[in-house]
Amino acid sequence: MTALVYEDFAPGRHREATLIRHALGSVHDEALVAGLAGGIGFMYFVFEYAGRPPMPTIVAQAHPDPWVQVALGRLRIPYEATRSAKPRWHRVEAALDAGAPVFCTVDRTALPWHGPAPMAELAAADPYVVVVVGYEGDIYYVEDGAGRAKAPYPIGREQFGAAWSGHKKGRHQMVVTTGKPAGEPDLEAAIAATVSRLTGPVLGNHFDVNFGFSGMEKFAAQLRDTTTKTGWERRFASPEAFALGTRRLYACLEEEWTAPGATRPLYADFLDLAGHGDAAELFRGSGRQWSQLAELARAADPEADAAGRRALFGACADLVDGALVLERQAVGLLPQAAPAE
């Protein structure tokens, strides 16, 4: 058996930032890693498929750039990112033997410690990063950061291979660090990128209306919309849809693809480290708004009548507005990206 590359598996506030921190030897603060990876963002969509209730999705962290590569780049740590048609087990094990953990992009629904996911095809489409931290024969040891696990998960090579093959865009992708930092972390570039992501555009296409401050405005407007088919009044009128919608709001703002409070409190800690305390306090305030919204959704009565649903959606929209005001103020205090030449 190869020894585990590292032994710190303590849960953190943010799954991906904690994975990166552990893989680097826990020498960096979680908030620093999270901020350098991009910190916060906002993406809002409601996915609808025939025969199923609508599924709202909010990604409150930096998106869609890959956290691992961005964080390593801004930490100035050299790395190698590769993909292959088939699993290259010898490369994985050679990296582990050399003391380097291996970041792999997988289909999380194929990992046995994950329970069934609503709309599993959407969950399978998300790039989900785990870290292979050791092996013993055909058993791999994987840090996931899901739940509150304090140890790596053992999984057979064949079963892990199915998960590693399952995400089409990240099929057999592995990222391995190849050296020590070549300079100081690039804090200001990270902050400017986050500002740009919030103010837009993000993708450069018609979906940009769903991102950043524009996405927050759209979310609030649809929460208040009582007449059109895209408003929450009509989309989430049935008890089944309302229950799923409120569960998803809580999960997206507190648990999935985020740290608690829509990642804003963790990002505020990063801004403190970077010397932007005034903006940090504003983001802490917006984090409280997002957590309050999540708690309203969590505590919502699944049997609420139309008036109860309407009151909830209105209260949620007011909290989105409040968070947006604070975040616009915070962004105004932060360095902007340099104009393109």
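Check the entry above for the structure.
Source: prediction; values computed, not measured. (Residues numbered from 1 in each chain as written. Predicted model: local features only at pLDDT ≥ 70, side-chain atom pairs only at ≥ 80, totals over all residues. Heavy atoms only, no water.)

A. Structural view of the overall build of the protein. Within the protein, the secondary structure is distributed over 13 helices and eight strands. The C-alpha radius of gyration computed for the protein amounts to 21 Å, which stays within 12% of the reference 20 Å derived for 341 residues, consistent with globular compactness. Its C-alpha atoms give the protein principal-axis dimensions of about 60 × 45 × 35 Å. For the protein, with 341 residues in total, the buried portion stands at 52%. Once local pairs closer than 6 in sequence are excluded, the contacts in the protein between residues at least 24 apart make up 71%. For the protein, the distance from the average position of its 33 positive side-chain charges to the average position of its 41 negative side-chain charges is 5 Å. (Helix = DSSP H or I, 4+ residues; strand = E, 2+ residues; numbered from the N terminus. Rg over C-alpha atoms; globule rule 2.2 N^0.38 Å. Buried < 20%, exposed > 50% of the residue type's maximum accessible area, 1.4 Å probe, protein only. Contact = heavy atoms within 4.5 Å. Lys, Arg positive; Asp, Glu negative; His and termini not counted. Charge placed at Lys NZ, Arg CZ, Asp CG, Glu CD.)

B. Structural context of empty space enclosed by the protein. Going through the model one piece at a time under the given rule, you end up with one cavity of 30 Å³ or more. Taken as a whole, the largest cavity spans an internal volume of roughly 40 Å³. Breaking the lining of the largest cavity down by element, the ones donating at least two residues are helix H3 (67-74) and strand S4 (102-106). In the lining of the largest cavity, the residues fall into five nonpolar, three polar and no charged. (1 Å grid on protein atoms, 1.4 Å probe; cavity = no way out; pocket = protein on both sides within 12 Å on 5 of 7 lines; lining within 4 Å. Points joined across faces, edges and corners; volume = space filled by probe spheres on them. Nonpolar A, V, L, I, M, F, W, Y, C, P; charged D, E, K, R; others polar.)

C. A look at the layout of surface pockets. The volume enclosed by the second largest pocket comes to roughly 180 Å³. As for the second largest pocket, its lining consists of Ala 23, Leu 24, Val 27, His 28, Ile 77, Gly 99, Ala 100, Pro 101, Thr 177, Gly 179, Lys 180 and Pro 181.

D. View of the pattern of salt bridges. Evaluation of the coordinates by the stated rule reveals 17 salt bridges. Asp 318 serves as the salt-bridge partner of Arg 224, at 2.7 Å between the closest nitrogen and oxygen. Of this pair, Arg 224 sits in helix H8 (residues 212-224) while Asp 318 sits in helix H13 (residues 306-332), and the two are 94 residues apart along the sequence. By relative accessible area, Asp 318 is classed as partly exposed at 47%. A single network of salt bridges, built from pairs that share partners, joins Arg 13, Asp 269, Asp 272, Glu 281 and Arg 284. (Salt bridge = Lys/Arg side-chain N within 4 Å of Asp/Glu carboxyl O.)

E. View of the sheet that holds strand S7 (residues 153-156). An order of S3-S8-S4-S5-S6-S7 is seen for the six strands of this open sheet, with the pairing classed as antiparallel. With partners counted over all chains shown, the strands left at the sheet margins are strand S3 (79-82) and S7, one partner each. Pairs of neighbouring strands in the sheet enclose a mean axial angle of 35°, with direction left out of account. Sheet topology note: the S4/strand S5 (residues 128-136) ladder contains five bridges and is antiparallel. Residue pairing in the sheet places Phe 103 in a bridge with Val 131 of S5. Packing against the sheet, H3 makes contact with S3, S4, S5 and strand S8 (174-177), and its axis sits at approximately 20° to S8. (Pairing = 2+ DSSP bridges. Axes fitted to C-alpha atoms, helices over the stretch in contact; angles between N-to-C directions.)

F. Seen up close, the pairing of S4. S4 sits mainly inside the fold: five of its five residues count as buried. What you see with S4 is no split at all: Val 102, Cys 104 and Val 106 on one side and Phe 103 and Thr 105 on the other are buried throughout.

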